[in-house]
Amino acid sequence: MDPHEDAKVFKALADENRLQILTLLQAGELCACRLLEQLHISQPTLSHHMKLLCDSGIVDSRKEGKWMHYSIAPSARTRLAALLTGYIGKEI
């Protein structure tokens, strides 16, 4: 357990917009333009949220042309479960 790195994950989850983004990404990869349409936030605000989600390892990104495409990282579920288990001491 690395409290500094773990705090990045908890911070990434501690925002209503970022939780909405994760909900949208459950259906699969989305272009930033589609996220902008759904969330009704500015592009700089979306970039800020996506940086936190990507830096935490919860979301993966790839660039295609001028747009970024985002998806939930394959290891996110396992990582989040292990993180919570490490702090609360029970299997989830």
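Source: prediction; values computed, not measured.

All right, on to the overall build of the protein then. Assigned secondary structure in the protein consists of five helices and three strands. The N-to-C order of helical and strand elements in the protein reads α-α-β-α-α-β-β-α. Against the compact-globule benchmark of 12 Å for 92 residues, the protein has a radius of gyration of 14 Å, which places it among compact chains. By its C-alpha atoms, the protein is 40 × 20 × 20 Å across when sized along the principal axes. In the protein, which comprises 92 residues, the proportion classed as buried is 29%. Sequence separation of at least 24 residues holds for 53% of the intrachain contacts in the protein that already meet a minimum separation of 6. Surface exposure of the protein reaches about 6,000 Å², of which carbon and sulfur atoms provide 55%. Of the side chains in the protein, 11 bear a positive and 11 a negative charge, and the two mean positions are spaced by 3 Å.

Further remarks concern the pairing of strand β2 (residues 59–64). Pairing of β2 with strand β3 (residues 67–72) involves six bridges; the strand directions are antiparallel. The residue of β3 that forms the bridge with R62 is H69. The hairpin turn running from β2 into β3, its antiparallel successor, is two residues long, and G65 in that turn takes a positive phi close to 65°.

Definitions and cut-offs
Residues numbered from 1 in each chain as written. Predicted model: local features only at pLDDT ≥ 70, side-chain atom pairs only at ≥ 80, totals over all residues. Heavy atoms only, no water. Helix = DSSP H or I, 4+ residues; strand = E, 2+ residues; numbered from the N terminus. Rg over C-alpha atoms; globule rule 2.2 N^0.38 Å. Buried < 20%, exposed > 50% of the residue type's maximum accessible area, 1.4 Å probe, protein only. Contact = heavy atoms within 4.5 Å. Areas by Shrake-Rupley, 256 points an atom, 1.4 Å probe, with all protein chains shown as cover. Lys, Arg positive; Asp, Glu negative; His and termini not counted. Charge placed at Lys NZ, Arg CZ, Asp CG, Glu CD. Pairing = 2+ DSSP bridges.

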